[in-house]
Amino acid sequence: MAVTAAAAALAAGPSPQRRAGLGPWFAVTPMLGWLALFVIVPTLMLLVISFCERDGLGRIVYSFTFENYTRAFDWKWLKILGISVWYAFLTTAICLVLGYPVAYFIGRSSERVRGLLIMLVMIPFWTSFLIRTYAWISILSQDGLLNALLMTLKITSAPIGFMYTPFAVILGLVYNFLPFMILPIYTSVEKLDGSLIEAAYDLGARPARVFSKVVLPLTQPGMAAGILLVFVPAIAMFAITNLMGGGANPTIGEVIQNQFTKARNQPFGAALGVLLLAIFILSLWLSSKFRRSEQE
Amino acid sequence: MTKHKTKLIAAACAGAMLLAGCGKKDETLKLFSWSEYVPQAVIDKFTEETGIKVSVENYSSNEEMLAKLLAGGGAYDLIQPSEYAVQAMIKEDLLQELDQAKIPNLKNLAPEFRNMPFDPNNKFSVPWLAGFVGVVYNAEVVPGPVVGYKDVFTDEHAGRIVILDDARETVSWGLATAGIPINNVTDENLATITPLLKDWLGKVKVFDSDSPKTAMSNGDTDIGIVWSGEGALLFAENPKFQWVMPVEGVHMFVDNLAIPKTSQNKDKAEAFINFILRPEISKMISDEFPYYNPNLAARALLSPEQLNNPASYPPGFDVTSAQLFTDLGEQASKVDELITTLKAQ
Amino acid sequence: MMDASLLPPGRRWWLPQGPAVQRAFFGGWTVAVFAFLYLPIALLVVYSFNDSKLNLYWTGFTTKWYGMLFGNEVLLRAFQNSLIVATATTALSVVIGTSAAWLLYRYRFPAQQTLGLLIFIPMVMPEVLMGVSLLVLFVSLGIPLGYTTLIIAHTTFCFPFVLVGVQARLQGIDPSLEEAAMDLGATPLKAFWLVIIPYLLPAIVAGALMSFTLSFDEYIVTIFTSGADSQTLPLKVYGMVRVGLNPQLNALSTMFIAATAVLVIASQVFTRKKTV
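Keep in mind that this is a model prediction, so the values were computed, not measured. (Residues numbered from 1 in each chain as written. Chains lettered and ligands numbered in written order. Predicted model: local features only at pLDDT ≥ 70, side-chain atom pairs only at ≥ 80, totals over all residues. Heavy atoms only, no water.)

Remarks on the overall build of chain C
Then step 1. Helix and strand counts for chain C stand at 11 helices and one strand.
Then step 2. Each of the 276 residues in chain C was classed as buried or not, and the buried ones make up 55%.
Then step 3. Long-range contacts, defined here as pairs at least 24 residues apart, represent 72% of the contacts in chain C between residues at least 6 apart.
Then step 4. Carbon together with sulfur atoms contributes 70% to the accessible area of chain C, which is approximately 11,900 Å² in total. (Helix = DSSP H or I, 4+ residues; strand = E, 2+ residues; numbered from the N terminus. Buried < 20%, exposed > 50% of the residue type's maximum accessible area, 1.4 Å probe, protein only. Contact = heavy atoms within 4.5 Å. Areas by Shrake-Rupley, 256 points an atom, 1.4 Å probe, with all protein chains shown as cover.)

Dropping the structure here:
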């Protein structure tokens, strides 16, 4: 009991915020300036474009219209958005389950091994995304390695179509996002106080209890960060879903991309993008409000 | 007095030249082309012969090229638009007229490519390579006969089909099958072919415009509608991949070189165009990309295998009968929405 | 050996329990995940020695792709550009992300919550939107497209990854850490540098690794914000898909991975020597 209380106190400690003096204001100006110029201004531009029209060549015509938004609020686009969110959710969940034990193992390893292992997690992704994905295609395709292996081991008698299925899509997504789950969780695990865990074991707790009552709460910030860094980018991802899924199930990222290329309708793409941003910001704001009320 | 005058003029000229050099006048030829569509060997040879350096930027679709060009991102000297993009750009006055006196090698082009509907008499553009969209199938698995689009989307092939991830293309096959001219992309015609397309798209396993041959080679699909270059690569890999020009109607695409209005190096660009029209250079391009070469003199240099590839040079096919795309303008958005919706069903 | 009567009821004393089992289980899981991560990489390496260009069937062993790679100036130049851009992006992202995370944590700024939300926009925004809007911005500001614009664009969507990671590490930091340093006479800046940064180091390293990876492989934003002299590796690679991915790419990737792995292992060996 004492252990869990201590753990809880450490996990939910309030930040000792001071009012910003001159120095901190000066220090934060570069980031503010960056945000203002390269984030806010482009976002505002998108907002403006989303209310515009376009001509036959795809150039933007600056005349105010709501048509892009009325067009966006259609079931067909919302369905595609829903599928994208669902894929992102599945990917995040699987990454969490697969990645947490790895992060835990690396974080609790000796200092020498730790650095090596964490680099080894990332190194495969310093190859080009396309050759990695094509390597997966050659593993999973009908004439590929996996089928060859399964048939040689006599587990199956005919090749299975792994490629161009939702299974392939999730596999591709999980593969590409796994390090972005492992790394943040690792940073939380790394600062775990070993004596806390030892104490829990000495008090006779089973590993499962130690985990759920001590380790998981303490690594919660890392998990939250990992979930954020996987779920958020995964929604707008389309290159992987396109290559691994055969393009059969378009994602919202692909739809927006198409507006800027084949469909030559930049304002509509901008409107969809603004909506996506709005959904995000709303859910982030809601979740922070929820967290605040929880702490009180 | 005259002596002083000439000296002054000479000094002024020298000064101007110096200033021009100081002002960093762009001496390099800025090429904005499809990714990997201009062989590096060709560029290197051009620089070797003329001393003109070439800088290359790539794009992967006409619209991407237009987006970057229109946004003003870089004064390009040469671009590689497809035929409908050339047509649209001529209409919007975005291209410079070519000085044909500087491009004598135009005579090497086959006559049907000298006067295409989207740019009569090559006023603004010069064809690079042409190609078709047709049917490829694995003859070991598909018994045939396969003659057209309707033979692709049969129930036996459901889940074993690969087609291009191109909404305009897909719609054109539907229109051709329904007997409607492929450039008549009106809302009514789209509505007419929607049930047909819905049935078709439900049977497709893979949509891929970049490398549809992958799905065929890997055995994940048995039949598909792909670019002729892809079909040619498949045929060269294994003759079991047969190529068929659809009987409902074939359309041809033509990629061209053109000079945007913003270019400052027109004469260098024209020199490059003239260079690639040389038979031996054009042959180098054909060696890398087994599409349809509009350069007759170059075709004479190709090997028998290249010429006998049914996807590159369809036997008995009358090129003048092929249809070309016209620019869709705002309808492009409707087409894209239709196909995206049908895919997501 | 514990007295059996002290064990919680139902626990079988003859089975190995506690930390040892946990460690073995997690260790095995980690090995399995690493196998998953490296499977396509192993394949990639094998194919770099494959005689066939299309990478579908093994036709024979050859090192010719490596030879051709060394003559392939365009590809090597693109690779170099990617490295330059990714390194600069990582450096900038780490600086901006870490300092921002610390300042937001430590000091109360007006509209703090809005700032926090704004930071997420580059992560959420689809890449094509960011690419196009940044292109328009750069053109209207008159900045020529090249390394600068590319690095700015990449940093914009990379630094939130550093920031989020550092923020997570800051939660639950012992507040007395900074206080103790300042009690000993350090200014806030010095305390930050000498005490906080070392504490944050794993998060900073993690953020740096993520930034580098994201920037190195970024395609869409790069298309819109790069100039002719800053063509990066992804741009070249994506173009190759249509004619078949050149095995020279496999050779390049193999060498890069090998070089990095050697560097990492070597640095670990040298650190070990230092502590001795």
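Here the narrative resumes, following the displayed structure.
So, the interface of chain A and chain C
Then step 1. Contacts between the two partners involve 99 residues from chain A and, on the opposite side, 99 residues from chain C.
Then step 2. Taken over both partners, the interface formed by chain A and chain C buries close to 9,600 Å², and the fraction arising from carbon and sulfur atoms is 77%.
Then step 3. At the junction of chain A and chain C, the tally comes to two salt bridges.
Then step 4. For R132 of chain A, the salt bridge identified is with D217 of chain C, shortest N-O distance 3.5 Å.
Then step 5. Taken together, the links from chain A to chain C amount to nine residue pairs in polar contact (both at pLDDT 80 or more). (Buried area = accessible area lost by both parts, 1.4 Å probe. Salt bridge = Lys/Arg side-chain N within 4 Å of Asp/Glu carboxyl O. Polar contact = N/O pair within 3.5 Å; in protein donor to acceptor, adjacent residues only side chain to side chain.)

Overview of helix α9 (residues 266-276) of chain B
Then step 1. Buried residues dominate α9 of chain B, accounting for eight of its 11 residues.
Then step 2. Buried residues along α9 of chain B sit against β1 (29-34), α2 (40-50), β3 (78-79), β4 (125-138), β9 (251-258) and α10 (279-288) of chain B.

Details of the interface of chain B and chain A
Then step 1. Between chain B and chain A, the contact holds 33 residues from the first and 36 residues from the second.
Then step 2. Buried area between chain B and chain A, summed over both chains or domains, comes out near 3,000 Å², and the portion from carbon and sulfur atoms is 49%.
Then step 3. Summed over the shared surface of chain B and chain A, the result is six salt bridges.
Then step 4. In this structure, R54 of chain A engages E330 of chain B in a salt bridge whose closest nitrogen and oxygen atoms are separated by 3.3 Å.
Then step 5. At the boundary of chain B with chain A, the tally comes to 12 residue pairs in polar contact (both at pLDDT 80 or more).
Then step 6. Looking at the side of chain B that touches chain A, the elements that each hand over two or more residues are α3 (62-70), α4 (83-91), β6 (204-207), α7 (212-217) and α13 (331-343) of chain B.
Then step 7. For the side of chain B that touches chain A, the class distribution of residues is 11 nonpolar, 11 polar and 11 charged. (Nonpolar A, V, L, I, M, F, W, Y, C, P; charged D, E, K, R; others polar.)

Overview of the domain arrangement of chain B
All names here are of chain B.
Then step 1. Here chain B is described as being made up of domain 1 (28-130 + 254-314) and domain 2 (131-252 + 323-343).
Then step 2. Here the C-alpha centroids of domain 1 and domain 2 sit 26 Å apart.
Then step 3. For the domain 1 and domain 2 pair, buried surface summed over both sides reaches about 1,500 Å², with 71% attributable to carbon and sulfur atoms.
Then step 4. Among the residues of domain 1 in contact with domain 2, Y84, Y291 and A311 are the three that bury the most area, contributing 30% of the side total.
Then step 5. Our count for the contact surface shared by domain 1 and domain 2 stands at two residue pairs in polar contact (both at pLDDT 80 or more).
Then step 6. Sort the elements by how many residues they give to the side of domain 1 that touches domain 2 and α4 lands first, with four residues. (Domains from an automatic or database assignment.)

Quick look at the nonpolar core
Then step 1. Membership of the largest hydrophobic core comes to 295 residues, with the highest contact counts inside it found for M244 of chain A together with M252 of chain B.
Then step 2. Sorting elements by how many residues they give to this core places helix α8 (residues 166-190) of chain A first, with 16 residues.
Then step 3. Among the domains, domain 1 (28-130 + 254-314) and domain 2 (131-252 + 323-343) of chain B are the pair contributing at least three residues each to this core.
Then step 4. If sequence neighbours within four positions are ignored, M252 of chain B has contacts with E83, F113, M116, A130, G131, F132, V319, A322, Q323, L324 and F325 of chain B. (Core = buried A, V, L, I, M, F, W, Y, C linked by side-chain atoms within 4.5 Å.)

Observations regarding the state of the cysteines
Then step 1. Scanning the entire structure with this criterion turns up zero disulfides over all chains.
Then step 2. A disulfide-free cysteine, C95 of chain A has its sulfur positioned 18 Å from the sulfur of C158 of chain C, the nearest such atom. (Disulfide = S-S within 2.5 Å.)

Quick look at a nonpolar patch on the surface
Residues and elements named next belong to chain A.
Then step 1. Together, F73, W75 and L78 make up a nonpolar patch on the protein surface, roughly 390 Å² of accessible area in all.
Then step 2. Looking at the secondary structure, you find W75 in helix α4 (residues 75-107).
Then step 3. For W75, a relative accessible area of 62% corresponds to the exposed category. (Patch = residues over 30% accessible without salt bridge, like charges linked within 9 Å, V, L, I, M, F, W, Y side chains within 5 Å.)

Description of the packing of helix α10 (residues 207-218) of chain A against helix α11 (residues 220-236) of chain A
Residue and element names in this part refer to chain A.
Then step 1. With their axes 4 Å apart at the nearest point, α10 and α11 run at an angle of 60° to one another. It follows from the interaxial angle that α10 and α11 lie oblique. Taking contact as the criterion, the partners of L216, P217 and L218 in α10 are, on α11, Q220, P221 and M223.
Then step 2. Classifying every residue of the contact of α10 with α11 by side-chain character gives five nonpolar, one polar and no charged. (Axes fitted to C-alpha atoms, helices over the stretch in contact; angles between N-to-C directions. Parallel < 35°, antiparallel > 145°, perpendicular 65-115°, else oblique.)

A few points about the pairing of β4 of chain B
All names here are of chain B.
Then step 1. Burial runs high along β4: 14 of the 14 residues are buried.
Then step 2. For β4 and strand β7 (residues 223-227), the ladder comprises five bridges, and the chain directions are antiparallel. In the strand pairing of β7, Y137 is matched with I223.
Then step 3. As judged from the four bridges shared by β4 and strand β8 (residues 241-244), these two strands associate in the antiparallel manner. Following the sheet pairing, V136 is matched in β8 by W243. (Pairing = 2+ DSSP bridges.)

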